[in-house]
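# Fold and geometry: a report
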Amino acid sequence: GAVVSQHPSWVICKSGTSVKIECRSLDFQATTMFWYRQFPKQSLMLMATSNEGSKATYEQGVEKDKFLINHASLTLSTLTVTSAHPEDSSFYICSANKAGPLTEQFFGPGTRLTVL
Amino acid sequence: QQQVKQSPQSLIVQKGGISIINCAYENTAFDYFPWYQQFPGKGPALLIAIRPDVSEKKEGRFTISFNKSAKQFSLHIMDSQPGDSATYFCAAGYGGATNKLIFGTGTLLAVQP
């Protein structure tokens, strides 16, 4: 199989605090991990692409200083939402590619962030 | 160029019927076209995917039809069941190092018993 986990599954925080979300590939090594944001009843919007050991590539309009991504190993990527505000409340989903030529992405279960 | 247009936005089908969802793209550099199923509060799960060198792919009740010249592809769900009620997303991807996916806007499918 190809299982991707996320932790936490949901988090509530106060405005101005930082929140870290972990994404792990449990049974494979992921050369590339992706972070998406999904607002209610909307599609998935790619935020950034991260490769192990290198800086993340952010999509246009995504603030890299606000959404810090660390891809420290082939099985772990973290997204830190710094100085979170209510407008950052969303469903954050990661995905991972297995090493090799295949394009298939395996998605995590998502993390619901609510900023009060 | 980056957009993937998906229709309809919502769909109601009777149990046993055929559900059809359509997508269109502009960028001919896309070479991977997956369909994802998402239940509320969950991450998307891959249903079926196709590459542009074939015109159709079938897996169980799910079929992708692909029209390269028209830059369109569609998902057909045969014998639709209430358990198929979910949001469906098409996507288009680039191969190679980035493997980025661009998602369609989603279709909310309701299968009535």
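Please read all numbers here as calculations on a predicted model, not as lab measurements. (Residues numbered from 1 in each chain as written. Chains lettered and ligands numbered in written order. Predicted model: local features only at pLDDT ≥ 70, side-chain atom pairs only at ≥ 80, totals over all residues. Heavy atoms only, no water.)

## Section: the interface of chain B and chain A
Threshold: Contacts were defined at the residue level, with two residues in contact if any of their heavy atoms lie within 4.5 Å. Take a side-chain nitrogen of Lys or Arg and a carboxyl oxygen of Asp or Glu: if they are within 4 Å of each other, that pair is a salt bridge. Helix and strand labels come from DSSP, where a helix needs a run of H or I of at least four residues and a strand needs a run of E of at least two; each type is numbered from the N terminus. Asp, Glu, Lys and Arg are counted as charged, while Ala, Val, Leu, Ile, Met, Phe, Trp, Tyr, Cys and Pro are counted as nonpolar; the rest, among them Gly, fall into the polar class.
If you look at the interface, chain B gives 20 residues, while chain A gives 20 residues. Inspection of the region where chain B meets chain A yields one salt bridge. Between Lys100(B) and Glu59(A) there is a salt bridge, with its nearest N and O atoms 3.2 Å apart. At the level of secondary structure, the elements contributing two or more residues to the side of chain B that touches chain A comprise strand E4 (33–38) and strand E10 (101–103) of chain B. Taken together, the residues of the side of chain B that touches chain A break down into nine nonpolar, eight polar and three charged.

## Some remarks on the sheet that holds strand E3 (residues 19–25) of chain A
Residue and element names in this part refer to chain A. The test is simple: A pair of strands is treated as paired once DSSP finds two or more bridges between them. Inter-axis angles, ranging from 0 to 180 degrees, are taken between N-to-C directions of lines fitted to C-alpha atoms, where helices are fitted over the stretch in contact.
In spatial order, the strands read E1-E3-E8-E7; together these four strands make up an open sheet with antiparallel pairing. What marks the edges here is a single partner per strand, and that holds for strand E1 (4–7) and strand E7 (67–73). The mean inter-strand angle of the sheet, taken between neighbouring strand axes irrespective of direction, is 15 degrees. In the sheet, E7 pairs with strand E8 (residues 76–81) via five bridges, with the strands oriented antiparallel. Within E8, the residue paired with Phe67 across the bridge is Val81.

## With respect to a nonpolar patch on the surface
Residues and elements named next belong to chain A. This is how the line gets drawn: Only residues whose relative accessible area exceeds 30% and that form no salt bridge enter a patch; like-charged residues are grouped when within 9 Å of one another, and nonpolar side chains (Val, Leu, Ile, Met, Phe, Trp, Tyr) when within 5 Å. Using the Shrake-Rupley algorithm and a 1.4 Å probe, accessible areas are obtained, with residue cover drawn only from the displayed protein chains. Burial status follows relative accessibility: with a 1.4 Å probe on protein chains alone, a residue under 20% of its type maximum counts as buried, one over 50% as exposed, and anything between as partly exposed.
Among the surface-exposed residues, Trp10, Ile12 and Leu116 lie close enough to one another that they form a single nonpolar patch of about 390 Å² accessible area. Relative to the elements of secondary structure, Leu116 occurs in the segment after strand E11 (111–115). Judged by relative accessible area, which is 62%, Leu116 ranks as exposed.

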